[in-house]
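Given next are the chains, with one letter for each unit.
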Amino acid sequence: MKEGTRSICDDCSSSGGDGNMSDDQADDDDHSSLPELGDLVPLSVDTDYTEDNVYRSRPHYTKMILIERCVLCRNRRYLLTFLFITLCIIGSVLLLVLSKRFHQSLPNLLHIGKHSTNQIEPVCLSSHLSEGNRTTVEKMNLNRVATAFYNKLIGDNNILASGFLWNDDDAQTSKWRPQGVTTLHTENGFRFALISWYGRADEGYAGRGGRVSFVNVTDMPIDEFLTDTSEIPFYNYRHVLLVDESFCTLPNIHVGGIEYQNGTLYVADSRKGQQAIIEFDMANDLYSVPSSMESLLGYRYVLRASSSFHTPIKPSFFSYDIDNHRFIVGTYAKCGNDAIHSHQDSSDCFNQPKNNLLWFDKNDVSLSSPLPCKHYFPEMQGAVSLNWEDTTVVWTSSSYGAVSNSHLHTFRATPFGKGCPNIDLEEATKVNTNLFPPGLEDLHIEEATRSKARFMWMQTEFGVRQVFAVPIGQLL
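Residues numbered from 1 in each chain as written. Predicted model: local features only at pLDDT ≥ 70, side-chain atom pairs only at ≥ 80, totals over all residues. Heavy atoms only, no water.

(A) How the structure looks around the state of the cysteines. Counting across every chain of the model gives 2 disulfides. Here Cys 124 pairs with Cys 248 through a disulfide, and the sulfurs are 1.9 Å apart. Across the S-S bond of Cys 124 and Cys 248 the torsion is about 105 degrees, and the bridge reads as right-handed. Linking Cys 124 in the loop between helix H3 (106-109) and strand S3 (144-154) with Cys 248 in the loop between strand S8 (234-243) and strand S9 (258-261), this pair joins segments that are 124 residues apart in sequence. By relative accessible area, Cys 124 is classed as partly exposed at 37%. Between the sulfur atoms of Cys 373 and its disulfide mate Cys 420 the distance is 2.0 Å. Judged by the torsion about the S-S bond (-90 degrees), the Cys 373/Cys 420 disulfide is left-handed. Of this pair, Cys 373 sits in the loop between strand S17 (357-360) and strand S18 (380-388) while Cys 420 is found in the loop between strand S20 (406-413) and strand S21 (431-436), placing the two residues 47 residues apart along the sequence. (Disulfide = S-S within 2.5 Å. Helix = DSSP H or I, 4+ residues; strand = E, 2+ residues; numbered from the N terminus. Buried < 20%, exposed > 50% of the residue type's maximum accessible area, 1.4 Å probe, protein only.)

Written as structure tokens, this is what we have:
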């Protein structure tokens, strides 16, 4: 072996040589097998072998990889941008749908609205109205139109009802929510459905207090099956703002229940520190705001409070038993304290101390008496009762939120006169329950003037807001 003779390269795997060649073999090879000068690659430059048998420098190969990665990154950004825009569109549509269903503006639906902690002040007319500004329900200019419907199936038990839908503004508004319902018959044969609304605090309308819609349903069928007259496509109505004796609004009032009896409209006032029923004399307290005066928050008619009386329980809703001649007042009590809550008749909630109803005589009621009837259904929104054959039948509505179905509970008791119905409501066999759309609110029993046919009026505050009457026979 010649001294100093070695293998051509230090890394023979990169030059195509045999890594196992000995020094003697290399010495005996023909000089023609040696690589030409042009085939040599500087050892300081890394190379890679390509499919077309061409050597490429590693920087060139790295550049190609980077270009490919940039293209992939660009395509990925396009895809992510497309997905983001698609999700934004889907989210926006979903929020709009939820906003309409829950009747809340988007900021309040997302809990990002600014809510003032300051005390809400009433808004008053610039000057008091006089006797010359008094008017009657029949003389009001009804400037809105509701769409009538007849023999519509409502609820899971295929209950036939007739009623109406609000115009688009009132059907979709998030600033007002409907609550109470009653009816009014005039001496001249006119028939009105009255619906109360409260101004939403989270929409900045708490200072407006409450209002009542007067809907002329004179032409609505009133026989047992709601079909004895031709179908009228529309009913006219008007909103009337509720005010106190000084012609100022009633801030934060919930108007959860209303009842008209013998010329007086009774309105439940469940505000903290009030716990009262406000009375409005329909013959003397309905006023028209003249065109020479500035309207009160856009309202040309106001209904002025004349007096009030207290009840021993919080008056969330209010009605009247036309057979026993007694008023009914009840308290709404949420079942549990969960942030995310759905309405259900949980047996765990029957013993809540605030699940109260009370039948009373107006001349015998105060903040301390009579004692209420306890352990009723949770989340009650309304209650009515009447005599049927040899029993007293009681109905209560209960609901919570815009998602869960509402419940209409029916149970019978022996005529109880004064006091409370004697029945164990936790025994399911004694209570019949009908499902209704979400947001079922106040209840009212109407008796037709001539036929004496009776109907139960109801309404919903969420989803498709509808006001409707059901012949009592369908609910027994």
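After that view of the structure, there is still more to cover.
(B) A look at the nonpolar core. Counting residues in hydrophobic clusters, the biggest one holds 34 residues, and the most contacted among them are Leu 129, Phe 164, Trp 166, Val 215, Tyr 235, Val 302 and Trp 457. Going through the elements one at a time, S3, strand S5 (176-185), strand S6 (191-199), S8, strand S23 (454-459) and strand S24 (466-471) are the ones with two or more residues in this core. In terms of residue count, the dominant contributor to this core is S8 (4 residues). With near-sequence residues (within four places) excluded, Trp 166 lies in contact with Ala 171, Ile 195, Trp 197, Ser 213, Val 215, Tyr 237, Arg 465 and Val 467. Judged by nonpolar contacts, the second largest core, of 32 residues, contains Ala 268, Ile 313, Leu 358 and Leu 408. (Core = buried A, V, L, I, M, F, W, Y, C linked by side-chain atoms within 4.5 Å. Contact = heavy atoms within 4.5 Å.)

(C) Highlighting the side chain of Asn 434. Residue position: Asn 434 is located in strand S21. Using a relative accessible area of 6% as the deciding quantity, one classes Asn 434 as buried. A polar atom in the side chain of Asn 434 sits 3.5 Å from the side chain of Asn 432. Excluding anything up to four places from it in sequence, Asn 434 contacts Asp 156, Asn 157, Ile 159, Ser 406, His 407 and Leu 408. (Polar contact = N/O pair within 3.5 Å; in protein donor to acceptor, adjacent residues only side chain to side chain.)

(D) Representation of the sheet that holds S21 within the structure. Read across the open sheet, the 4 strands follow the order S18-S19-S20-S21; overall the sheet is antiparallel. Edge positions in the open sheet fall to S18 and S21, since each of these has one partner strand only. Mean inter-strand twist for the sheet, computed between neighbouring axes without regard to direction, equals 20 degrees. Pairing of S18 with strand S19 (residues 391-398) involves 8 bridges; the strand directions are antiparallel. What sits directly across from Trp 388, in S19, is Thr 391. (Pairing = 2+ DSSP bridges. Axes fitted to C-alpha atoms, helices over the stretch in contact; angles between N-to-C directions.)

(E) Broad picture of the sheet that holds strand S16 (residues 326-330). In space, the 3 strands of this open sheet follow the order S15-S16-S17, with antiparallel pairing throughout. Two strands close off the open sheet at either side, each with one partner strand: strand S15 (317-321) and S17. On average, each strand axis in the sheet is inclined to that of its neighbour by 20 degrees, with strand direction left out of account. As paired elements, S16 and S17 share 4 bridges and run antiparallel to each other. Residue pairing in the sheet places Phe 327 in a bridge with Phe 360 of S17.

(F) Quick look at the confidence of the model for the protein chain. Residues at a pLDDT of 70 or more form 76% of the protein chain, whose mean pLDDT is 81. Residue range residues 1-32 is modelled with pLDDT below 50. Its contacts to residues more than four positions away, or to other chains, number 16 contacts. Here residues 43-49 is modelled with pLDDT under 50, and outside its nearest four sequence neighbours on either side it reaches 17 contacts, counting other chains as well. (pLDDT = per-residue confidence, 0-100.)

(G) Structural context of the environment of Glu 294. Structurally, the position occupied by Glu 294 is in the loop between strand S12 (286-288) and strand S13 (301-304). In this structure Glu 294 comes out as exposed when scored by relative accessible area, which is 64%. Along the backbone, Glu 294 and Leu 125 are 169 residues apart, and their C-alpha atoms lie at a distance of 7.9 Å. Residues within four places of Glu 294 in sequence aside, it is in contact with Leu 125, Val 289 and Arg 300.

(H) Region of interest: the pattern of salt bridges. Applying the stated rule across the entire model yields 8 salt bridges. Where Arg 191 meets Glu 446, a salt bridge forms, and the shortest distance between an N and an O atom there is 2.7 Å. Remark: Glu 446 occurs in strand S22 (residues 444-447) and Arg 191 occurs in strand S6; sequence separation between them is 255 residues. For the residue pair Arg 191 and Glu 446, the accessibility class agrees, reading buried in each case. Asp 202 is the partner of Arg 200 in a salt bridge, and the nearest nitrogen-oxygen pair spans 2.8 Å. Overall, the relative accessible area of 11% leaves Arg 200 in the buried class. (Salt bridge = Lys/Arg side-chain N within 4 Å of Asp/Glu carboxyl O.)

(I) Looking closely at the pairing of strand S7 (residues 210-216). A large share of S7 lies buried, amounting to 6 of its 7 residues. As judged from the 7 bridges shared by S6 and S7, these two strands associate in the antiparallel manner. Each bridged residue has a counterpart across the sheet, and for Ala 193 the counterpart in S7 is Val 215. Note that S7 and S8 share 5 bridges and pair antiparallel. Residue pairing for S8: Val 212 is matched across the bridge by Val 240.

(J) Focus on a nonpolar patch on the surface. A contiguous nonpolar surface patch, about 410 Å² in accessible area, is contributed by Leu 79, Leu 80, Phe 82 and Leu 83. Structurally, Leu 80 is set in helix H2 (residues 58-102). (Patch = residues over 30% accessible without salt bridge, like charges linked within 9 Å, V, L, I, M, F, W, Y side chains within 5 Å. Areas by Shrake-Rupley, 256 points an atom, 1.4 Å probe, with all protein chains shown as cover.)

(K) Here's a closer look at the packing of aromatic side chains. Inspection of every chain in the model, using the stated rule, returns 18 aromatic pairs. Look at Phe 164 and Tyr 235: their rings are 6.2 Å apart centre to centre, the planes differ by 85 degrees, and that puts the pair in the edge-to-face class. Taken together, the positions of Phe 164 in strand S4 (residues 159-165) and Tyr 235 in strand S8 put the pair 71 residues apart, joining distant regions of the chain. Residue classification places Phe 164 among the buried positions, given a relative accessible area of 0%. We classify Tyr 235 as buried; its relative accessible area is 2%. (Phe/Tyr/Trp six-rings, centres within 6.5 Å; stacked < 30°, edge-to-face > 60°.)

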